[in-house]
Amino acid sequence: MKIIFKAFAKKVFGAKYEKLTRTAFIDLIVFWGLYIADLRIPISSRILYLMISTFTAGIMWQCLASEARTCHMQNMMMAPFHRRSFVLSYTAALGAYTLLTKTAGLLAVLLAVSVRNPSEILGSILCAVNAVLMTAAVYSAKKYWYWGGLWTVGMFASILFWQSRPWFLLWMIVNIVLAAMLLQHADEYCFYHPEGEVNTPAVKGHGHYSVWRYFFRYFQSHKNYLANTAVMWCAALVLPLFFKGPESLTAVPIGFAILSLNTPVCILLSADPALEQAVRYLPGQKKTFCVPYCLLIFLCNLTANFIFLCSLQIQTGSVSLSTIAAALFFALQSAFCSLLLEWFFPVRGWKIESDLWHHPRKYIVPVIMLFLGAIVGALPMLLPILIIFLAVEAVILLYSGKQ
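Residues numbered from 1 in each chain as written. Predicted model: local features only at pLDDT ≥ 70, side-chain atom pairs only at ≥ 80, totals over all residues. Heavy atoms only, no water.

Trainee: Whenever I open this one, the overall build of the protein confuses me. Can you help?
Mentor: Looking only at helices and strands, the protein has 18 helices and zero strands in total. Put simply, 83% of the contacts in the protein that link residues at least 6 apart link residues at least 24 apart. Carbon and sulfur atoms form 72% of the exposed surface of the protein, whose accessible area is close to 21100 Å². (Helix = DSSP H or I, 4+ residues; strand = E, 2+ residues; numbered from the N terminus. Contact = heavy atoms within 4.5 Å. Areas by Shrake-Rupley, 256 points an atom, 1.4 Å probe, with all protein chains shown as cover.)

Trainee: Would you explain the nonpolar core in this entry?
Mentor: Where a protein is soluble and globular, its nonpolar side chains tend to be buried together. In terms of nonpolar packing, the biggest core is built from 47 residues, with I52, L64, L94, L183 and F191 touching the most fellow members. At the level of elements, α1 (2–13), α3 (45–64), α5 (83–113), α6 (118–140), α7 (145–162) and α8 (168–184) are the ones that each hand at least two residues to this core. Tallying contributions element by element places α5 first for this core, with eleven residues. Counting residues in hydrophobic clusters, the runner-up holds 30 residues, among them C266, I267, L268 and L269. (Core = buried A, V, L, I, M, F, W, Y, C linked by side-chain atoms within 4.5 Å. Buried < 20%, exposed > 50% of the residue type's maximum accessible area, 1.4 Å probe, protein only.)

Trainee: Whenever I open this one, the side chain of T229 confuses me. Can you help?
Mentor: Residue position: T229 is located in helix α10 (residues 223–238). Among residues more than four places away in sequence, those in contact with T229 are N262 and V265.

Trainee: What exactly am I supposed to notice about the state of the cysteines here?
Mentor: Simply put, the disulfide is a covalent bond whose two ends are the sulfur atoms of two cysteines. Taken as a whole and assessed by the stated rule, the structure comprises zero disulfides. A disulfide-free cysteine, C337 has its sulfur positioned 9.4 Å from the sulfur of C294, the nearest such atom. (Disulfide = S-S within 2.5 Å.)

Trainee: Explain α1 to me, please; I cannot follow it from the model alone.
Mentor: Helical periodicity: at 3.6 residues per turn, an α-helix aligns residues three or four positions apart in one direction. Its twelve residues give α1 an end-to-end C-alpha distance of 16 Å, which sits within 8% of 16 Å, the value for a rise of 1.5 Å per residue. Backbone geometry just after α1 places G14 at a positive phi near 105°. (Expected span 1.5 Å × (residues − 1).)

Trainee: Looking at this structure, I do not really get the pattern of salt bridges. What am I missing?
Mentor: Where side chains of opposite charge bring their charged atoms close, a pairing between them can arise. Per the stated rule, a full pass over the model turns up one salt bridge. The closest approach of N and O atoms between R116 and E120, which form a salt bridge, is 3.0 Å. The exposure class of R116 is buried, given its relative accessible area of 16%. (Salt bridge = Lys/Arg side-chain N within 4 Å of Asp/Glu carboxyl O.)

Trainee: Quick question: what am I supposed to make of a nonpolar patch on the surface here?
Mentor: Together, L160, F161, W162, W167, L170, W171, I173, V174, V177 and M181 make up a nonpolar patch on the protein surface, roughly 940 Å² of accessible area in all. Of all the secondary structure elements, the ones that give two or more residues to the nonpolar patch are α7 and α8. When residues of the nonpolar patch are assigned to their parent elements, the largest contribution, six residues, is made by α8. Position of L170 among the secondary structure elements: in helix α8. (Patch = residues over 30% accessible without salt bridge, like charges linked within 9 Å, V, L, I, M, F, W, Y side chains within 5 Å.)

Trainee: Just to check I follow, could you spell out the packing of α7 against α8 for this structure?
Mentor: Describing two packed helices takes the angle between their axes plus the distance from one axis to the other. Look at α7 against α8: their axes get within 11 Å of each other, and the N-to-C directions meet at 165°. The angle between the axes of α7 and α8 places the two elements in the roughly antiparallel class. Considering the relative orientation of α7 and α8, their crossing is left-handed. Taking contact as the criterion, the partners of W147, W151, M155, S158, I159 and W162 in α7 are, on α8, F168, W171, M172, N175, L178, A179 and L182. Along the lines of polarity and charge, the residues of the contact of α7 with α8 split into eleven nonpolar, two polar and no charged. (Axes fitted to C-alpha atoms, helices over the stretch in contact; angles between N-to-C directions. Parallel < 35°, antiparallel > 145°, perpendicular 65-115°, else oblique. Left-handed = near helix turned anticlockwise from the far one by under 90°. Nonpolar A, V, L, I, M, F, W, Y, C, P; charged D, E, K, R; others polar.)

Trainee: Can you help me understand the environment of A136 in this one?
Mentor: Tracing the sequence through the fold places A136 in helix α6. Taking the relative accessible area as the measure of exposure, A136 reaches 0% and is therefore buried. What A136 contacts, discounting residues up to four positions off in sequence, is M60, L64, T91, L183 and F191.

Trainee: Any chance you could explain α8 here in plain terms?
Mentor: In this model α8 runs 25 Å from its N-terminal to its C-terminal C-alpha over 17 residues, within 8% of the 24 Å that 1.5 Å per residue would give. All buried positions along α8 are accounted for by F168, M172, N175, I176, A179 and L183. Projected down its long axis, α8 shows its buried positions confined to an angular sector of 105°, all on one face. (Arc of directions from axis to C-beta.)

Trainee: I tried to follow the packing of α3 against α6 on my own but got confused; where do I start?
Mentor: Where α3 meets α6, the closest approach of the two axes is 8 Å, and the angle between their N-to-C directions is 30°. Of the two elements, α3 crosses α6, and the hand of that crossing is right-handed. Of α6, the residues touching α3 (which contributes S45, L48, Y49, I52, S53, T56, A57, M60, W61 and L64) are S119, E120, G123, S124, C127, A128, A131, V132, T135, A136, V138 and Y139. In the contact of α3 with α6, the residues fall into 14 nonpolar, seven polar and one charged.

Trainee: Before we go on, may I ask you to explain the environment of L100 in this structure?
Mentor: Tracing the backbone through its elements, the reader meets L100 in helix α5. Residue class for L100 comes out partly exposed when judged on its relative accessible area of 41%. Between the C-alpha atom of L100 and that of T21, which follows or precedes it by 79 residues, the distance is 9.7 Å. With residues up to four places along the chain from it excluded, the contact list for L100 reads L20, T23 and D27.

Trainee: Just checking my understanding: could you explain the packing of aromatic side chains for this structure?
Mentor: In this description, a pair of aromatic rings is defined by centroid distance and the angle of the planes. Evaluation of the coordinates by the stated rule reveals 15 aromatic pairs. Geometrically, the ring pair formed by Y49 and F168 is stacked, given 5.6 Å between the ring centres and 15° between the ring planes. Taken as a pair, Y49 in helix α3 and F168 in helix α8 lie far apart in primary sequence, 119 residues in all. For Y49, a relative accessible area of 3% translates into the label buried. Residue classification places F168 among the buried residues on the basis of a relative accessible area of 1%. A connected cluster of aromatic rings, assembled from ring pairs, spans W212, Y214, F215, F289 and Y293. (Phe/Tyr/Trp six-rings, centres within 6.5 Å; stacked < 30°, edge-to-face > 60°.)

Structure representation (structure tokens):
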């Protein structure tokens, strides 16, 4: 079991566990920086446990569903192994990766900006471990999705209503033991999907190429990308609740900046190295791919922005032509910046999709948009100048595509 665990751990942490040490150092810096800043935010234990459980479960599910591990899993399964040892080692390796590189960062931020007692810290750790094991158990029995859904709903309900009870920590330990027992009887092949069987829908041949057809097929086979986009659109409905006051309307462009954080749509080249190689080396692909890709990101951003505007109009009735122009500007500007990042600075060397989705580069475009949003909110007269500047960028993009 130890040998199998090391094999999987070196795959996600690196040959010398360099990712683990680097992440721990960054988390320590983040914690200390926020702690000495003396910024304190009241966070109830209910919200703390929900945040940690939801975040950890999402990352763990993403790791289990990662396509990048298919080849490695296939090599591991060619060697003789014991079923129980294989399942527990695989779950432990991905769980350690999730807890030590992702959840630890969230905990560093939450513990630095809020005052917590030892029992709440222990409860947070138990919630994280429970989320890892419970997610693996539910994933191993996906065909029984109904009981997995009921189990998940029950766990969230217990966190919402029982988190203050003295026996809540004991209940979390019982749930952890139950999940571990279920994993001991799980089939190892439920974690392995042969290449070509997953995310490969039947396709129909066509007489001519179409980048838009590729986008449609890609999102059809990667439904988590569509789910993330749907979440952003739902956030666009709720976001106007924070812009009800008249003095807050100047911060509406900041809402457009927040809605530009649609990571999956902005990493198509990084997520598919074969596609990137084809785009860069086949003749005419710069024009054929880059312009439609920029337009795709623009349409996704624009849809979120207009959902935000419709919700804002219903709640405040304060949407004007300048606000609509700002929505168009931020949608196209963020799309243009995302395209430039993917073309000139693609993410390489990632181990699994979770590394790609949570790469620090994802925050560059939203930060730029936040900066522009603050400028437009403070000085609305600069919006026409920025629109002219964006038009020049669009012309440059179209002209370079013809070269």
